[in-house]
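# Tertiary structure, described
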Amino acid sequence: MTQKPDDTNSLELLLSARQGNRQALGLLLESYTGYLKLLARLRADDPLRAKFDPSDMVQETFLEAQRDFDSFRGQTEPEFLSWLRRILASNLCDQRKRYRKTGRRDVNLENSLWEQLNRSSE
């Protein structure tokens, strides 16, 4: 697993990505793989854990982040992490919806992922 860059390096990568350096964006995203996998694992309810791999959710999050990076308006690492958490939360919500459509609705799945992800970042 790639280690998270220090604050200076993170900011440099973010600024470079802002200038169109896709390699810098890739390195920045890769540095948060472990963090996002942990969040995905912690925030998935038991029935949902059996239906997906946290690595898949992280990869989906990274694909969306690369695709939509031009719409990211933040300037700092905390803003970038918040943006990544929102994308991950959205992906987890989508996964829950797919799970519900299979007819296996579970009341526990009604918990707010947004609140859980925000609390985990504190």
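See the structure printed just above.
The model shown is predicted, which means the values in this text are computed figures rather than measured ones.

Scanning the protein for helices and strands turns up seven helices and zero strands. Mapped from its N terminus to its C terminus, the protein presents α and β elements in the order α-α-α-α-α-α-α. Every one of the 122 residues in the protein was classed for burial, and the buried ones make up 42%. Taking as baseline every contact in the protein between residues at least 6 positions apart, the subset at least 24 positions apart corresponds to 69%.

This part covers the packing of aromatic side chains. To describe a pair of aromatic rings, one takes the distance between the centres and the angle between the planes. One pass over the full model with this rule turns up seven aromatic pairs. Aromatic side chains F69 and F80 sit 6.4 Å apart centroid to centroid with 75 degrees between the ring planes, which places their arrangement in the edge-to-face category. Taken together, the positions of F69 in the loop between α5 (54-68) and α6 (77-101) and F80 in helix α6 put the pair eleven residues apart, joining distant regions of the chain. The exposure classification of F69 matches that of F80, with both residues buried. On the basis of an interplanar angle of 80 degrees and a centroid distance of 5.5 Å, the ring pair of F72 and F80 is categorised as edge-to-face. Three or more aromatic residues link up through ring pairs in this structure, and these residues are Y32, F69, F72, F80 and W83. Positioned above the aromatic ring of F69 is the side chain of R18, whose terminal nitrogen or guanidinium carbon lies 5.7 Å from the ring centre.

Moving on to the packing of helix α3 (residues 33-43) against α5. Where α3 meets α5, the axes come as close as 9 Å, and the angle between the chain directions of the two elements is 120 degrees. Between α3 and α5, the interaxial angle falls into the category oblique. By crossing handedness, the relation of α3 to α5 is classed as right-handed. Only P54, S55, M57, V58, T61 and F62 of α5 make contact with α3, whose side of the interface consists of T33, L36, K37, A40 and R41. Residues of the contact of α3 with α5, tallied by class, amount to six nonpolar, three polar and two charged.

For helix α2 (residues 22-30), every residue scored as buried is listed here: A24, L25, L28 and L29. The buried residues of α2 occupy an angular sector of 135 degrees when the element is viewed end-on, so they sit on one face. Its side-chain oxygen placed 3.0 Å from the backbone nitrogen of Q23, N21 serves as the N-cap of α2.

Cut-off values and rules
- Residues numbered from 1 in each chain as written.
- Predicted model: local features only at pLDDT ≥ 70, side-chain atom pairs only at ≥ 80, totals over all residues.
- Heavy atoms only, no water.
- Helix = DSSP H or I, 4+ residues; strand = E, 2+ residues; numbered from the N terminus.
- Buried < 20%, exposed > 50% of the residue type's maximum accessible area, 1.4 Å probe, protein only.
- Contact = heavy atoms within 4.5 Å.
- Phe/Tyr/Trp six-rings, centres within 6.5 Å; stacked < 30°, edge-to-face > 60°.
- Lys NZ or Arg CZ within 6 Å of the ring centre and 35° of its normal.
- Axes fitted to C-alpha atoms, helices over the stretch in contact; angles between N-to-C directions.
- Parallel < 35°, antiparallel > 145°, perpendicular 65-115°, else oblique.
- Left-handed = near helix turned anticlockwise from the far one by under 90°.
- Nonpolar A, V, L, I, M, F, W, Y, C, P; charged D, E, K, R; others polar.
- Arc of directions from axis to C-beta.
- Polar contact = N/O pair within 3.5 Å; in protein donor to acceptor, adjacent residues only side chain to side chain.

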